[in-house]
Amino acid sequence: MSSQKIRVRFAPSPTGPLHMGGVRTALFNYLFAKKHGGDFILRIEDTDTNRYVPGAEAYIIEALNWCGIKFDEGVGIGGAHEPYRQSERKPIYLKYAQQLIDSGNAYYAFDSAEELDALRKEKEAKGEAFIYNYESRNSLRNSLSLSAEDVEKLKSERNDWVIRFKIPENETVKMHDIIREDVVVNSNTLDDKVLWKKADELPTYHLANIVDDHLMEISHVIRGEEWLPSLPLHVLLYRAFGWQDTMPQFAHLSLLLKPDGKGKLSKRDGDKMGFPVFPLQWKSSEGEFSRGYREDGYFPEAFVNLLALLGWNPGTEQEKFTMDELIQLFDLKRVIKSGARFNPDKAKWFNQQYLKEKSNAELAQLYMPILTAQGVKTSQEYVGKVCGMIKERATFVSDFWNLSSYFFVAPTSYDEKVVQKYWKAETPAMLQNLVVQLKSVLPFEKEKTEHAVHEWIAASGLKMGEVMNTFRLCLVGASMGPSVFDIVEMIGVNEAIARIEHAAAHLKFN
RNA sequence: GGUCCAUUCGUCUAUCGGUUAGGACGUCAGAUUUUCAUUCUGAAAAGAGGAGUUCGAUUCUCCUAUGGACUACCA
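Because the structure is a prediction, the values reported are computed rather than measured.

1. Details of the sheet that holds strand 9 (residues 202–203)
By definition, the strands of a sheet pair up through backbone hydrogen bonds, in either a parallel or an antiparallel sense.
Okay, step 1: Pairing is antiparallel in the open sheet, where four strands are placed in the order 4-5-8-9. The sheet terminates laterally at strand 4 (106–109) and strand 9, the two strands that pair on one side only.
Okay, step 2: Pairing geometry for strand 5 (residues 162–165) and strand 8 (residues 194–197), over three bridges, is antiparallel. Each residue of the ladder has a partner; that of Val162, found in strand 8, is Lys197.

2. Some details on the nonpolar core
Okay, step 1: Met20, Phe407, Phe408 and Phe471 are the most contacted members of the largest nonpolar core, which totals 157 residues.
Okay, step 2: Apart from the residues lying within four places of it in its own chain, the contact partners of Phe471 are Leu434, Leu438, Val484, Phe485, Val488 and Ile500.
Okay, step 3: Residues Tyr107, Ala109, Leu116 and Phe130 belong to the second largest nonpolar core, which totals eight residues.

3. Here we look at the confidence of the model for chain A
Okay, step 1: Taken as a whole, chain A shows an average pLDDT of 93; of its residues, 99% reach a score of 70 or greater.
Okay, step 2: ipTM for the predicted complex: 0.95, alongside a pTM of 0.94.

4. So, the environment of Met368
Okay, step 1: Mapped onto the elements, Met368 comes out in helix 12 (residues 360–373).
Okay, step 2: With relative accessibility at 18%, the residue Met368 sits in the buried group.
Okay, step 3: Between the C-alpha atoms of Met368 and Lys424, which are 56 residues apart in sequence, the distance is 38 Å.
Okay, step 4: Those residues in contact with Met368 that sit more than four places away from it in its chain are Thr378, Ser379, Gln380 and Val383.

5. Looking at the pattern of salt bridges
Okay, step 1: A complete count under the given rule lists 37 salt bridges for this structure.
Okay, step 2: In this structure, Arg43 and Asp212 form a salt bridge, with 4.0 Å as the shortest nitrogen-oxygen distance. With Arg43 in the loop between strand 2 (39–42) and helix 2 (56–67) and Asp212 in helix 6 (residues 205–215), the pair connects residues that are 169 residues apart, well separated along the chain.
Okay, step 3: Via salt bridges that share partners, Arg9, Arg43, Glu45, Arg89, Asp212 and Asp213 belong to a single interconnected network.

6. Some points on the side chain of Asp46
Okay, step 1: Its location among the elements puts Asp46 in the loop between strand 2 and helix 2.
Okay, step 2: Buried within the structure, Asp46 lacks any salt-bridge partner; its nearest side chain of opposite charge belongs to Arg85, at an N-O separation of 4.9 Å.

7. Quick look at the packing of aromatic side chains
Okay, step 1: Applying the stated criterion to the full structure yields 27 aromatic pairs.
Okay, step 2: Residues Tyr367 and Phe400 carry aromatic rings whose centres are separated by 5.2 Å and whose planes lie at 80° to one another, so their mutual orientation is edge-to-face. Placement of the pair is Tyr367 in helix 12 and Phe400 in helix 14 (residues 400–404), with a sequence separation of 33 residues. Exposure class is identical for Tyr367 and Phe400. Each is buried.
Okay, step 3: Relative to Phe408, the ring of Tyr367 lies with its centre 6.0 Å away and its plane at 80°, an arrangement referred to as edge-to-face.

8. A look at the protein's contact with RNA strand B
Okay, step 1: RNA strand B sits among 60 residues. The nearest are Arg180, Glu319, Met468, Ser479 and Gly481.
Okay, step 2: Atoms of RNA strand B within 4 Å of the protein: sugar and phosphate make up 75%, bases the balance.
Okay, step 3: With respect to RNA strand B, the backbone of Asp111 contributes an N or O atom lying 2.5 Å from a base nitrogen.
Okay, step 4: Between Ser483 and RNA strand B, the recorded distance is 3.1 Å, taken from a side-chain N or O atom to a base oxygen.
Okay, step 5: Residues of the surface near RNA strand B, tallied by class, amount to 21 nonpolar, 15 polar and 24 charged.

Calculation criteria
- Residues numbered from 1 in each chain as written.
- Chains lettered and ligands numbered in written order.
- Predicted model: local features only at pLDDT ≥ 70, side-chain atom pairs only at ≥ 80, totals over all residues.
- Heavy atoms only, no water.
- Pairing = 2+ DSSP bridges.
- Helix = DSSP H or I, 4+ residues; strand = E, 2+ residues; numbered from the N terminus.
- Core = buried A, V, L, I, M, F, W, Y, C linked by side-chain atoms within 4.5 Å.
- Buried < 20%, exposed > 50% of the residue type's maximum accessible area, 1.4 Å probe, protein only.
- Contact = heavy atoms within 4.5 Å.
- pLDDT = per-residue confidence, 0-100.
- Salt bridge = Lys/Arg side-chain N within 4 Å of Asp/Glu carboxyl O.
- Lys, Arg positive; Asp, Glu negative; His and termini not counted.
- Phe/Tyr/Trp six-rings, centres within 6.5 Å; stacked < 30°, edge-to-face > 60°.
- Near = heavy atom within 4 Å.
- Polar contact = N/O pair within 3.5 Å; in protein donor to acceptor, adjacent residues only side chain to side chain.
- Nonpolar A, V, L, I, M, F, W, Y, C, P; charged D, E, K, R; others polar.

In structure tokens:
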């Protein structure tokens, strides 16, 4: 292997939002490139005009940006191998297909889609599979079976012919995959794939992909396992073009599987089990909605971290990584061969870990809009303090309101279970006394007041748990949150007293 | 059906032939906490099955089973 520059590409098709498995593929490409000081290229494979979805390309770019996966070349930023959209490279491909025909590695085929479909059905009915290959190609309508005149005639008369690759007969194709090592397959099991179509003057994936990877000097192809069955075709194509010396090395990543049951992760699973399968939310033109990690409150660092560990690990017990650490540690040889079942619980755990580490100021900034939406007017500084008190109880910033509304507004209801447990006939009187105690040590000072209240509890023979939990119920409306005196300090002793009196007036013992 | 890939606790995974098979998520139990959560401690929990190679296999080979991907003029 020559010491050529590492160049990898992520080449999605703009047929919809980018799946999290796709993001992982992009991530692994990026990590590999950066680890070796190479380039990461974004190429858009939009050769299927029928499946083109407006907005999908912008989505892909935005998703990668959000994840911090930066590309060096490609759609949107250009580079030395422009253009990077295959639809814009349309004029390039035919001559390569032609080159294959000239060298006897490809041929024209005139079978209509309907004819082939019928053939397929016919075979299927007999429990067999129809393959366009060495066995059948001579009895089909193509430049191998037809006379030169007929071929010319059909070529000019019709506009639905295609160019097919001529798979060599009975040959053992040896391939190497960085992750899976050696893979061997007999060429007789392969079919003569369509390389180029007259109908839209466009290549299919296989031709465009190989030509572009070659032209763009791609050194390593890191892609999903669904492409492994196409590897022999691709290797044969490189050989037919005479490019075997610069053929990239391949690495096929295992798939992301459903959290339960069978099959690969799909949008449905997310809807069913309540987690996103897309990095960003997506609304299709038909009005179909898919939630996204970003909108669900995941931090991009957490998302990247969890994705990196799905199918890869550095062999140590470290689980939290920054992007830089991932780049340092990443190694294709340590990518897991088998499919990884996605675990939404662990995804949440990752987010929680990152949330805990955020500064109060940063969290306050994220929380502010939610507070505004709740009609709360307050200062960034106050919100920062609140965040400091509740962040260990949260997984997402969106949990904050439920965990801390009482810092901003008085409770409007009281947790039934807590009321049942602590609200006794004598509670109102006890609370009256508590208010007296609170007032006796004004101005409020946390330690002093706490001390005074504790002394009073001891002196009057009350139970600490009963008083404090009732106190908390008045302030919070539920049995949760930080220390009662921290809460009082935040909301102010006057507000605390008001809440006690409100509760005493509204709650009844029964 | 055919081709290819895969197979360690429920899940993600460690193990370069010799380990009490380790860690994490989740679960359960304790401790801490006036509450909730955090944190800490602990527990239960795995080599798909069968042959072989070897003094010794989770690790190497083969078979079977199971799972997955692909099988388009889609990518």
